[in-house]
Amino acid sequence: MAEPIIHIENIHKSFGHIHALRGVSLDVEVGEVVVIFGPSGSGKSTLLRCINHLEVHESGLLVVHGIHLKGARDINAVRREVGMVFQSFNLFGHLTVMDNLTLAQWVVRKRPKAEARETALALLAKVGISEKADCYPSELSGGQQQRVAIARALAMNPSIMLFDEPTSALDPEMIKEVLDVMQTLAREGKTMVVVSHEMGFARAAASRCIFMDEGQIVEEGPPDRLFSAPEKERTRTFLSKVLQL
Amino acid sequence: MSPLGLFKKTGGPGARRPAPGEDPVPTREELGRVPGADLGYRLDPWWWLVVAITGLVIALIVWRADPFLDIFLFVRDGVVVTIVLTLSSFGLILIVGLLGGLGRIARNPVVHFVASLYVEIVRGIPLLVQLIWWYFAAPVVIQAVGTALHISALAEYRANAILLAIIGLVVCYGAYMSEIFRAGILSIHRGQMEAARSLGMNYFQAMRYVILPQAMRVVLPPVGNEFIMLMKDTSLVSVVAVADLTRRGREFMAVHFNPIEVWTLVALLYLIMTLFSARFIAWLEKRRGVGSS
Ligand SMILES: Nc1ncnc2c1ncn2[C@@H]1O[C@H](COP(=O)(O)OP(=O)(O)OP(=O)(O)O)[C@@H](O)[C@H]1O
Ligand SMILES: [Mg+2]
C-alpha cells in the first residue's frame with residue numbers, strides 16, 4: 001500500500017480547559033474522499049484546521065504530504081499543497097472574483113499574471129460562473145461565493161482539499177450547486193476531507209465516513225454500512241437525529 | 001472607545017446592491033438618465049462653504065487692504081510653514097502608526113510590549129508638554145550623551161526647531177494613529193487572514209495583499225479626522241520657535257496691536273485649510289468606498 005497522504009497519529013489539542021481533540025488517529029490515502037460528521041463541538045473543525053496548521057496540535061504525529069507539521073520549517077510549503085474551503089466562504093471582499101483567484105497564484109506560486117488568469121478562467125468555467133469574473137464577492141449569492149472559494153483553492157493545484165461545512169451557511173436551493181462541484185472533484189480523484197452533514201453527498205461521493213464525538217473518532221466505515229448499520233450506540237443516536245431532519 | 005465603532009466592518013463594494021427579492025434601488029446608470037440627478041457629477045454641497053470663506057478672506061484683503069493685506073503678506077510664510085509641517089509630519093505619522101499598529105497586534109511579546117508601552121506613555125502626556133520637551137530638554141540630553149561618549153557632533157548639537165517640532169508631532173500622533181490602525185486591522189474578519197494563510201501566503205503577504213487594503217478603507221474616516229486635528233495642533237509649535245501661521249500672527253500683533261483683525265484673519269486662514277482638507281477627505285472616502293481598488 002502506498003504512503004498515506006495524510007497520516008494522523010494520536011493527536012491532542014486543547015483550548016484552555018476545552019480538550020477539543022483527544023487522541024485522534026486517521027490515515028487518508030491519495031484519491032480518498034473522507035466525510036466527517038458529528039455533533040457541534042466534537043472537534044471536526046479543529047481536526048481540519050490542524051491538518052493545514054491553522055491550529056497547532058499539542059502532541060501526536062501529523063504528517064501531510066510527507067512533511068511533519070510539528071516543527072516544520074516552512075509551513076507554507078504544506079499549506080500550498082492543502083486547499084481549504086470555509087463555511088463562511090472568506091472571499092477577499094476588496095477584490096473581484098478574478099483577482100480572488102489570481103492573487104495567491106502570483107504572490108505564492110509566482111505564476112505570470114497571464115497564466116494565472118488562464119487558470120482562473122478555466123476553473124471559473126469548471127464551477128460554472130465564468131460570467132461573474134469581474135464581480136465583487138458581495139454581488140454574488142452564497143452558492144456562487146462558495147463555488148468561487150472552491151475555485152480559488154483549486155487554483156493553487158493542491159493535492160488535498162479540505163472542506164469545513166461548505167454548505168451549512170447556504171440556502172437549500174444553493175446547496176446542490178456546491179455539492180455538484182464537490183462531487184465532480186471527487187469523481188476526478190481529488191483527495192478530499194469534508195466535514196458535512198449532507199448524507200446524500202456522503203453516500204454518493206465518500207469512500208469512507210467518520211463519526212466524531214467529544215474529540216474522538218467513534219466509528220468509521222463506508223457510508224452505506226455506517227448509515228444503515230452503525231455499530232456504536234452513540235453513532236446510532238446521532239444518525240437518528242440527523243436523518244429525521 | 002474606538003472611533004471605529006461608528007463604521008461598518010467591511011463596507012465591501014456593491015454593499016448597496018439589494019438582496020434578491022428586495023425592492024430595487026435605482027442604479028447610478030438609471031439616475032444618470034434623470035436630468036440633474038446624476039450622483040457622479042454633483043458637487044459635494046459643502047464645497048460652497050470653502051468657497052464662501054475663501055471669498056470672505058479675499059474680500060477683506062481687497063476691500064480692507066489696511067490692515068488685512070498687510071497682515072496677510074506678513075503671515076503668508078507662516079501658512080506655508082503650517083502646511084509643510086502638517087504634510088511632512090502626517091506622512092511620517094502614517095508610517096509610525098502602521099508599524100505601531102502592527103506591533104500592537106503582534107504575537108511576539110517583546111514587539112507587543114514595546115509598541116504598547118510607546119502608546120501608553122505618549123497618550124498620557126499633553127502634546128504641548130511633549131513639544132516643549134523635544135525643543136528644550138531633548139537637545140540638552142543629546143549634548144550630555146555626546147559629551148559623555150566623546151562624540152563631538154552630538155556634544156555640539158544645536159536645536160533645530162522645525163525638525164524637533166516634526167519629531168514631537170510624529171511621536172505623539174503616531175501613538176494615536178497606532179491605535180487607529182490596530183482597530184482597523186482587528187475589524188477585518190479573522191477568516192480573511194485564515195483564507196490567505198491557507199492559500200500559502202505568509203503573514204506579511206496576507207497583511208499586504210488582503211488585510212491592509214481592507215483595513216485602509218475602514219480607517220480612512222478616522223485617519224482623515226487625525227489629519228485635520230494635526231493641522232490645527234500644529235499651532236502649538238508656535239511656542240517652540242517655529243514661525244508657523246500662529247506665531248507669525250502673534251509677531252504681527254506685537255507690533256501693530258490689532259488683535260481683532262489679526263486673529264480673525266488667522267482663524268479664517270486655518271478654517272480654509274481645514275475645510276478644504278475635510279472636503280478632500282470626503283471625496284477620497286467616496287471614491288474608495290465605491291467600486292474597485
Ligand atoms: N479558537 C478557539 N478557542 C477556544 N475554544 C475553541 C476554539 N476553537 C474551537 N474551540 C472549542 O473546541 C471545541 C471543538 O470545536 P470545533 O470547532 O472543532 O467543533 P466542531 O465539531 O467543528 O463543531 P461545529 O459543528 O459547531 O462546527 C468546542 O468546544 C469549541 O468551543
Ligand atoms: Mg466546525
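Residues numbered from 1 in each chain as written. Chains lettered and ligands numbered in written order. Predicted model: local features only at pLDDT ≥ 70, side-chain atom pairs only at ≥ 80, totals over all residues. Heavy atoms only, no water.

Asker: So what's going on with the overall build of chain B? Residues and values would help.
Answerer: Helices and strands together make up the secondary structure of chain B, namely eleven helices and zero strands. Here chain B holds 293 residues, and the buried ones make up 40% of them. Looking at chain B alone, contacts between residues at least 24 apart form 76% of all its contacts between residues at least 6 apart. Counting every atom, chain B has about 16300 Å² of accessible surface; 69% of that belongs to carbon and sulfur. (Helix = DSSP H or I, 4+ residues; strand = E, 2+ residues; numbered from the N terminus. Buried < 20%, exposed > 50% of the residue type's maximum accessible area, 1.4 Å probe, protein only. Contact = heavy atoms within 4.5 Å. Areas by Shrake-Rupley, 256 points an atom, 1.4 Å probe, with all protein chains shown as cover.)

Asker: Give a detailed account of the sheet that holds strand β9 (residues 208-213) of chain A, specifying residues and quantitative values.
Answerer: Residues and elements named next belong to chain A. Strand order in the open sheet made by the six strands is β6-β7-β8-β3-β9-β10, with mixed pairing throughout. Edge positions in the sheet fall to β6 (82-85) and β10 (216-221), since each has one partner strand and no second. The mean inter-strand angle of the sheet, taken between neighbouring strand axes irrespective of direction, is 20 degrees. Two strands pair when backbone bridges link them, and strand β3 (residues 33-37) and β9 are joined in this way by four bridges, in the parallel orientation. Within the sheet, the bridge partner assigned to V34 lies in β9 and is R208. Against the sheet, helix α5 (residues 142-154) contacts β6 and β7 (160-164), and its axis sits at roughly 170 degrees relative to β6. (Pairing = 2+ DSSP bridges. Axes fitted to C-alpha atoms, helices over the stretch in contact; angles between N-to-C directions.)

Asker: So what's going on with the packing of aromatic side chains? Residues and values would help.
Answerer: On inspection of all chains with the given rule, the structure shows 13 aromatic pairs over all chains. Taking 6.1 Å as the distance between ring centres and 75 degrees as the angle between the ring planes, the aromatic pair formed by Y173(B) and Y176(B) counts as edge-to-face. In this pair, Y173(B) and Y176(B) are both assigned in helix α7 (residues 161-186), three residues apart and thus about one turn of the helix distant. Y173(B) sits in the buried class, given a relative accessible area of 3%. Exposure remark for Y176(B): the relative accessible area of 32% places this residue in the partly exposed category. For the pair Y203(B) and F204(B), a centre-to-centre distance of 5.4 Å together with 90 degrees between the ring planes defines the contact as edge-to-face. Here a set of aromatic residues connected by ring pairs shows up, and it is made of F37(A), F211(A), F227(A) and F238(A). (Phe/Tyr/Trp six-rings, centres within 6.5 Å; stacked < 30°, edge-to-face > 60°.)

Asker: Which residues make up the environment of I95(B), and what values go with them?
Answerer: Summarising the element assignment, I95(B) is placed in helix α3 (residues 65-104). Each C-alpha atom, one on I95(B) and one on M177(B), is 9.2 Å from the other, the two residues being 82 residues apart in sequence.

Asker: How would you summarise the packing of α5(A) against helix α6 (residues 172-187) of chain A if you had to cite specific residues and measurements?
Answerer: All names here are of chain A. Where α5 meets α6, the closest approach of the two axes is 8 Å, and the angle between their N-to-C directions is 20 degrees. Here α5 is positioned roughly parallel relative to α6, judged by the angle of their axes. Between α5 and α6 lies a crossing of right-handed hand. Mapping the contact onto sequence places G142, G143, Q144, Q146, R147, I150 and L154 in α5 and M174, E177, V178, V181, M182 and L185 in α6. Residues that form the contact of α5 with α6 fall into these classes: seven nonpolar, four polar and two charged. (Parallel < 35°, antiparallel > 145°, perpendicular 65-115°, else oblique. Left-handed = near helix turned anticlockwise from the far one by under 90°. Nonpolar A, V, L, I, M, F, W, Y, C, P; charged D, E, K, R; others polar.)

Asker: Can you break down the site of ligand 1 residue by residue, with the values?
Answerer: All names here are of chain A. All residues in the neighbourhood of ligand 1 are listed as F15, I18, A20, P39, S40, G41, S42, G43, K44, S45, T46 and E165. Measuring from an oxygen atom of ligand 1, one finds a backbone N or O atom of G41 at 2.8 Å. S42 places a polar main-chain atom, nitrogen or oxygen, 3.1 Å from an oxygen atom of ligand 1. Burial of ligand 1 by the surrounding chains reaches 64%, relative to a free accessible area of 630 Å². Every element with two or more residues in the shell around ligand 1 is listed here: β2 (18-28) and α1 (44-51). By residue number, the principal contributor to the shell around ligand 1 is α1, which donates three residues. Residue composition of the shell around ligand 1, grouped by class: four nonpolar, six polar and two charged. (Near = heavy atom within 4 Å. Polar contact = N/O pair within 3.5 Å; in protein donor to acceptor, adjacent residues only side chain to side chain.)

Asker: How would you sum up the pattern of salt bridges? Please name residues and give values.
Answerer: In total, this model carries 21 salt bridges over all chains according to the counting rule given. Residues R111(A) and E115(A) are paired through a salt bridge, measuring 4.0 Å at the closest nitrogen-oxygen approach. Note that R123(B) and E120(B) form a salt bridge whose closest N and O atoms lie 3.0 Å from each other. Here R123(B) pairs with E120(B), and both are found in helix α4 (residues 109-123), just three residues apart, close to one helical turn. When its relative accessible area of 45% is taken as the criterion, E120(B) is described as partly exposed. Overlapping salt bridges bring together R104(B), E120(B), R123(B), E179(B) and R182(B) as one network. (Salt bridge = Lys/Arg side-chain N within 4 Å of Asp/Glu carboxyl O.)

Asker: Any details on the side chain of H57(A)? Residues and values, ideally.
Answerer: Here H57(A) shows up in the loop between α1 and β4 (59-64). Each residue touching H57(A), except ones within four places of it in the same chain, is listed here: I11(A), H12(A), K13(A), C50(A), L62(A), L69(A) and K70(A).

Asker: Which residues make up the confidence of the model for chain B, and what are the values?
Answerer: All names here are of chain B. Taken residue by residue, chain B gives an average pLDDT of 86. The fraction at 70 or more is 84%. Looking over chain B, one finds the lowest element-wise mean pLDDT in helix α1 (residues 28-32), namely 47, and the highest in α4, namely 97. Of the regions scoring below 50 in pLDDT, residues 1-28 engages in 35 contacts with residues more than four places distant in sequence or in other chains. Per-residue pLDDT stays below 50 along residues 30-38; that stretch engages in seven contacts with residues further than four places along the chain or on separate chains. Model confidence for the complex: the whole-complex pTM is 0.84, and ipTM, which rates the interface, is 0.92. (pLDDT = per-residue confidence, 0-100.)

Asker: Residue-level account of the pairing of strand β8 (residues 191-195) of chain A, with values.
Answerer: Where a strand is regular, its side chains alternate between the two sheet faces. Residue and element names in this part refer to chain A. Here β8 lies mainly inside the structure; five of its five residues are buried. Because side chains alternate across β8, one face comprises the buried residues T191, V193 and V195, and the other comprises M192 and V194, equally buried. Inspection of the sheet shows β3 paired to β8 by four bridges, in the parallel sense. Counted as the bridge partner of V34 is V193 from β8. You can see the chain leave β7, run along α6 and come back into β8, and the turn it takes is right-handed. (Right-handed = clockwise from strand over helix to strand, strands pointing away.)

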